[in-house]
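Listed below, chain by chain, are the residues.
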Amino acid sequence: MRTDPGVAFAAHCPRGTVESAMTTSFPRRFTTRTQAALAVERLAAEASRRLGRGSGEMIGGKLALRVAPGMLAEVGSQRRSACVSATNGKTTTTRLLARALGTLGPVASNSGGANMAAGVLAALSKPPFDAVAALEVDEIWLPKVAREITPQVVLLLNISRDQLDRSNETRRIAAMWRELGGELPDTTVVANVDDPLVAWAAAGWHRQVWVSAGQNWTADAMVCPQCARLLHRNDNGWWSECGLARPEPIVAVTGPRELRWYGRTIEAHLDLPGRVNLGNAAMAAAAAREFGVEVDAALAAMTGLGDVQGRYQEVVLGERGRRGRLLLAKNPAGWVEMMELLADAPPRPVVIDFNSQTADGRDPSWIWDVPFERLGGRQVLVTGERKEDMSVRLAYAEVPHSVHASAEDAALAANEKVVDVVANYTAFRDLLVRCSR
Amino acid sequence: MSRGPSTTRIALIYPELLGTYGDGGNAIVLARRLRWRGLRAEIVNVAAGSPVPEDCDIYLLGGGEDAPQVLAADGIRQNRAIARAVSGGAAVLAVCAGYQVIGESFPSGGEIHPGLHLVGIETRRSFAPPETPPPGRAVGDIVVEPDPRLGLPTLYGYENHAGRTRRLPGAGGVPLGTVQRGIGDGDGGTDGIIDGRVVGTYLHGPVLAQNPALADLLLSWVHGALPPLDGPPETVALREARRRALAVS
Ligand SMILES: [Zn+2]
C-alpha cells in the first residue's frame, strides 16, 4: 500500500528503538543548497508534529526535496543502506532489520511509515550522516529511491493485490523491480523464493540471497510472470514450462520457531506473533548478515520488538476498560496472515473494523476471497464504514455476528474483556489515533 | 431437457484466472441460497487448464487481468461445453472480463482475441474514431436499473474495466439495464446483456451478493419455482446502505 502523505501514522511513539540512539553529527560538507534544505526539513517536521499533522517526517521531507532535488543521492549514496519493499510486511521487516543493524551502531530508519521519497529523505536527513540506513520503500517508489542512494542490499518480500480499484499492477511492479536490478551491479537482493513474482524480479539482479519466507496467499501468482502460462505447484515449490522455477533457498523458515540458516538449524524466538513475522525476521537477518551482523546477535536484537506502529499492541478501547489487540489486515493476503495468527492464540472475540476509503481501496469485493468461514466458533463483531458489506460476507460464510457503530461499542458488547481487533488501513489508523488520545 | 433431479451444479470457471474481483463469491451466494431453501447445491471448481464439464447447471465466469483473460478464453474454447450446456437449458453469469469473453471478440495486449460467441456483443478499447484518445478506465460504483421485464430491483455493484462493449446489429437479447451511475458498456448508457439464459455484466461486488434477486432469477431458470427465502437481513441492510451512499432513488 502506498502511504498517503496525509495519513502517515501519527499516534504511536515506538518505545526504546535503536534509531533514537544518535551520536554527534558526521563532519561532512553538504552543498549550501542541501544544508538549507536540511534546515527546512527540520523546521517543517517540527511544525507539522506540533500541529498534529502526520508524523512530521513526511512534510519535512517533501519541502526539502523541493528545495534541493538532488538531496536524496547526497544524503544517501555515501553510506551503507538497505531498502525493504513488499505489498505486506515491509514496515515490520524494516523495524526488525533496524534492530539487527543497531548492534553495529546508530541506524537511520523511516520508522514512521512514511515510505516514499520524502519519507526516506527525512530519515536520512538527521545526523549522524554516516549511520547505516534501514529504509522502508513503497513498491512503486523503490526504483527511484534505489537509483539515488544505491543501497548495499534490497529486500523483496512479496507482491499481491492491494487496492482493487487501482488497475492491477502486480506484474508491472515485478517488471520494474527486475529492471532495477540490472542498474545496480553492486547491490545484493535478499528475495523470497516462495513468491514467484518476487523470484522472477530478483532473478534479474547481479547477486541474490534466496530466502524461503513463506507465502500463504497464492491467488495473485497463478500465472508465470515470464511467459504468462499457468504456474505448476506442489509442496516443494512452483515452476513454469518456460524454465522459471523456485530457487533453492539458503535461509528458510522450517517451523514455528525454527530456521534453516546456511546449512544448520537454528531456533528463533520473537515477541512478534505468527509464522509470517518469523518469515519477516528471516529476511531481515539474511540482510543484516550482509552488513556483518551474526545471526544470533540479529535475532537477539529482534526479540523485544513486540509491536510495530501499534500493530499487535494491546490498547484500551473506550471508557469501560475493555482492551483490544490491534491487528492490521489491509488486503486478502494480509487477512489470511491474520487468520493464521488468530488460530495460534486463545480464541478471543474478534472485532472486524472495515472501511473503503481511497487509502484502503474503494472496492471491497476482495473480502469474498478471504476464507472468513475460519472464524466460525468465535464471537465476531463487525464495525466500520463498510460494516454492511462485511456483514453480508459473514452471513454467507454462516458466521454468526453482530454489527456495531464503533469498535469501542463492539468491544463493550463482547463476551470477554479482551478482544482481537482486525482493521484495514484507515480503520486501523483512526482507531490508533482514538486510543492514544 | 430435465436437468439434475436433486443437486444443482454450479461451475466456477477458472477461478485462478477469472477471480480477481471476488467473483468466486457468486458461487457461494448461489449455493447458499439453494441450501437455505433446503435444496442441494454443489460448487464445481473448474481449475484453469482443465476441460470445462458439460453437465453443470450454472456457469460462472469472473473478472481477470489481460493475460489471464486470454489464457482463460483459449482454455474454454478447447471444447464447446458451455454452448452445449446452454442449449440444454443451463444458465451463464459472466462478469467483467468474463462478460467480454462470452462475446464475439475482445481486446488484450494490443490485439483482438476471439471470444466464445455465446452472445452477440463485441468489446474494444474504444469505439471512437482512431484520432480520438481512448476513454479512461471505468472504475467506481455502478448502479443499473434493470430491464423492467426482468422484474428485478435496482442492481448495485462496482466496475473496473478498460474496454467498451456494444451489441452487434441484429444480435439477440436485450441490455441488462440502463446505467444510473457509472459507465457500464460505454456510450449507449446501458450495461450488460441478457440473452436467453446467458447474463453478462460489468458489475462485480460480487454482483449476486449485493443483488440476491438476480441470484434467484438464475436459480429459478435452472431449478424451476423456488421456495420463498427472505433476506438474509444482512443483504437488506447492505442494499439500504448502498442506496444511501450512492444517492440514487
Ligand atoms: Zn514461464
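None of these values were measured; they are calculated from a predicted model.

Caption draft 1: How the structure looks around the overall build of chain A. Within chain A, the regular secondary structure consists of 14 helices and 17 strands. Put simply, chain A has 437 residues, and 58% of those count as buried. Contacts in chain A between residues far apart in sequence, at least 24 positions, make up 71% of those at least 6 positions apart.

Caption draft 2: Here's a closer look at the overall build of chain B. Counting secondary structure elements, chain B contains seven helices and 14 strands. For 249 residues, the compact-globule formula gives about 18 Å, and the C-alpha radius of gyration of chain B, at 17 Å, lands near that figure. In terms of overall dimensions, chain B has a C-alpha envelope of 55 × 45 × 35 Å along the principal axes. Here chain B holds 249 residues, and 52% of them are scored as buried. Across chain B, every contact between residues at least 6 apart in sequence was considered, and the portion connecting residues at least 24 apart equals 71%.

Caption draft 3: The arrangement of helix 1 (residues 25-35) of chain B in detail. Most of helix 1 of chain B is tucked away, with nine of its 11 residues classed as buried. Residues of helix 1 of chain B that are buried include every one of Gly 25, Asn 26, Ala 27, Ile 28, Val 29, Leu 30, Ala 31, Arg 33 and Leu 34 of chain B, and no others.

Caption draft 4: Region of interest: the sheet that holds strand 14 (residues 350-353) of chain A. Residue and element names in this part refer to chain A. Strand order in this open sheet of six strands is 12-13-17-14-15-16, and the pairing throughout is mixed. One side of each edge strand has no neighbouring strand; the edge strands of this open sheet are strand 12 (314-317) and strand 16 (401-403). Put simply, the sheet's adjacent strands are angled 30° from each other on average, direction ignored. In this structure, strand 15 (residues 380-383) lies alongside strand 16, joined through three bridges in parallel fashion. Residue pairing in the sheet places Val 380 in a bridge with His 401 of strand 16.

Caption draft 5: Structural detail: the pairing of strand 5 (residues 105-108) of chain B. Residues and elements named next belong to chain B. Only one face of strand 5 is covered, namely the one carrying Phe 106 and Ser 108; the face carrying Ser 105 and Pro 107 has none of its residues buried. Pairing geometry for strand 5 and strand 6 (residues 111-114), over four bridges, is antiparallel. Looking across to strand 6, one finds that Ser 105 is bridged to Pro 114. Connecting the antiparallel pair strand 5 and strand 6 is a turn made up of two residues, with Gly 109 showing a positive phi of about 55°.

Caption draft 6: Expanded view of the interface of chain A and chain B. In this complex, chain A contributes 21 residues to the contact, which on the side of chain B involves 31 residues. Considered class by class, the residues forming the side of chain A that touches chain B number 12 nonpolar, four polar and five charged.

Caption draft 7: A look at the sheet that holds strand 1 (residues 81-85) of chain A. Residues and elements named next belong to chain A. Strand order in the open sheet made by the nine strands is 2-3-1-4-5-6-9-10-11, with mixed pairing throughout. Each edge of the open sheet is held by one strand with a lone partner, namely strand 2 (107-109) and strand 11 (264-267). In this sheet, neighbouring strand axes are inclined to one another by 20° on average, regardless of whether the strands run parallel or antiparallel. Where strand 1 lies against strand 4 (residues 153-156), four bridges are found, and the strand directions are parallel. What sits directly across from Ser 85, in strand 4, is Leu 156. Together, strand 1, strand 2, strand 3 (132-136) and strand 4 form the strand contacts of helix 4 (residues 90-101), whose direction differs from that of strand 3 by roughly 170°. Docked against the sheet, helix 9 (residues 275-290) engages strand 1, strand 4, strand 5 (188-192), strand 6 (207-212), strand 9 (251-255) and strand 10 (258-261), running at close to 150° with respect to strand 9.

Caption draft 8: Structural context of the packing of helix 4 of chain A against helix 9 of chain A. Residues and elements named next belong to chain A. It is at 9 Å that the axes of helix 4 and helix 9 come closest, and there the two elements cross at 45°. Put simply, helix 4 runs oblique to helix 9. In this structure, helix 4 meets helix 9 at a crossing whose hand is right-handed. Of the residues in helix 9, those touching helix 4 at Thr 92, Thr 93, Leu 96, Leu 97, Ala 100 and Leu 101 are Asn 277, Asn 280, Ala 281, Met 283, Ala 284, Ala 285, Ala 287 and Ala 288. Residues belonging to the contact of helix 4 with helix 9 are distributed by class as follows: 10 nonpolar, four polar and no charged.

Caption draft 9: View of unusual backbone geometry. Residue Pro 206 of chain B is reached from Gly 205 of chain B by a cis peptide bond, and omega for that bond is -15°. If you check the backbone angles, Thr 150 of chain A has positive phi at about 35° while not being a glycine. Within the fold, Thr 150 of chain A resides in the loop between helix 6 (142-149) and strand 4. Residue Gln 309 of chain A is not a glycine yet carries a positive backbone phi of 50°. If you trace the backbone, Gln 309 of chain A turns up in the loop between helix 10 (295-302) and strand 12.

Caption draft 10: The arrangement of the packing of helix 9 of chain A against helix 10 of chain A in detail. Residue and element names in this part refer to chain A. Between helix 9 and helix 10, whose axes approach to 9 Å, the crossing angle comes to 135°. Judged by the inter-axis angle, helix 9 sits oblique to helix 10. For the element pair helix 9 and helix 10, the recorded crossing hand is right-handed. Taken together, the residues of helix 10 that come into contact with helix 9 (itself represented by Ala 281, Ala 284, Ala 285, Ala 288 and Arg 289) are Val 295, Ala 298, Leu 299 and Met 302.

Caption draft 11: The arrangement of the environment of Gly 63 of chain B in detail. All names here are of chain B. Structurally, the position occupied by Gly 63 is in the loop between strand 3 (58-61) and helix 2 (66-76). The class for Gly 63 is buried, based on 28 C-beta atoms found within 10 Å. Apart from residues no more than four positions distant in its own chain, Gly 63 is found in contact with Leu 18, Thr 20, Tyr 21, Asp 23, Val 95, Cys 96, Ala 97, Gly 98 and His 204.

Caption draft 12: Representation of the environment of Gly 224 of chain B. Its location among the elements puts Gly 224 of chain B in the loop between helix 6 (212-223) and helix 7 (233-246). Sequence separation of Gly 224 of chain B and Arg 35 of chain B is 189 residues, and the distance between their C-alpha atoms is 15 Å.

Caption draft 13: Summary view of helix 4 of chain A. Residues and elements named next belong to chain A. Over its 12 residues, helix 4 extends 16 Å from the first C-alpha to the last, a length consistent with the 16 Å expected when each residue adds 1.5 Å. Along helix 4, 12 of the 12 residues are buried, which leaves the element largely enclosed by surrounding structure. Buried residues of helix 4: Lys 90, Thr 91, Thr 92, Thr 93, Thr 94, Arg 95, Leu 96, Leu 97, Ala 98, Arg 99, Ala 100 and Leu 101, and no others. Buried positions along helix 4 lie against strand 1, strand 2, strand 3, strand 4, helix 9 and helix 10.

Criteria and thresholds
Residues numbered from 1 in each chain as written. Chains lettered and ligands numbered in written order. Predicted model: local features only at pLDDT ≥ 70, side-chain atom pairs only at ≥ 80, totals over all residues. Helix = DSSP H or I, 4+ residues; strand = E, 2+ residues; numbered from the N terminus. Buried ≥ 20, exposed ≤ 12 C-beta atoms within 10 Å, placed from the backbone. Contact = placed C-beta atoms within 7 Å. Rg over C-alpha atoms; globule rule 2.2 N^0.38 Å. Pairing = 2+ DSSP bridges. Axes fitted to C-alpha atoms, helices over the stretch in contact; angles between N-to-C directions. Nonpolar A, V, L, I, M, F, W, Y, C, P; charged D, E, K, R; others polar. Parallel < 35°, antiparallel > 145°, perpendicular 65-115°, else oblique. Left-handed = near helix turned anticlockwise from the far one by under 90°. Expected span 1.5 Å × (residues − 1).

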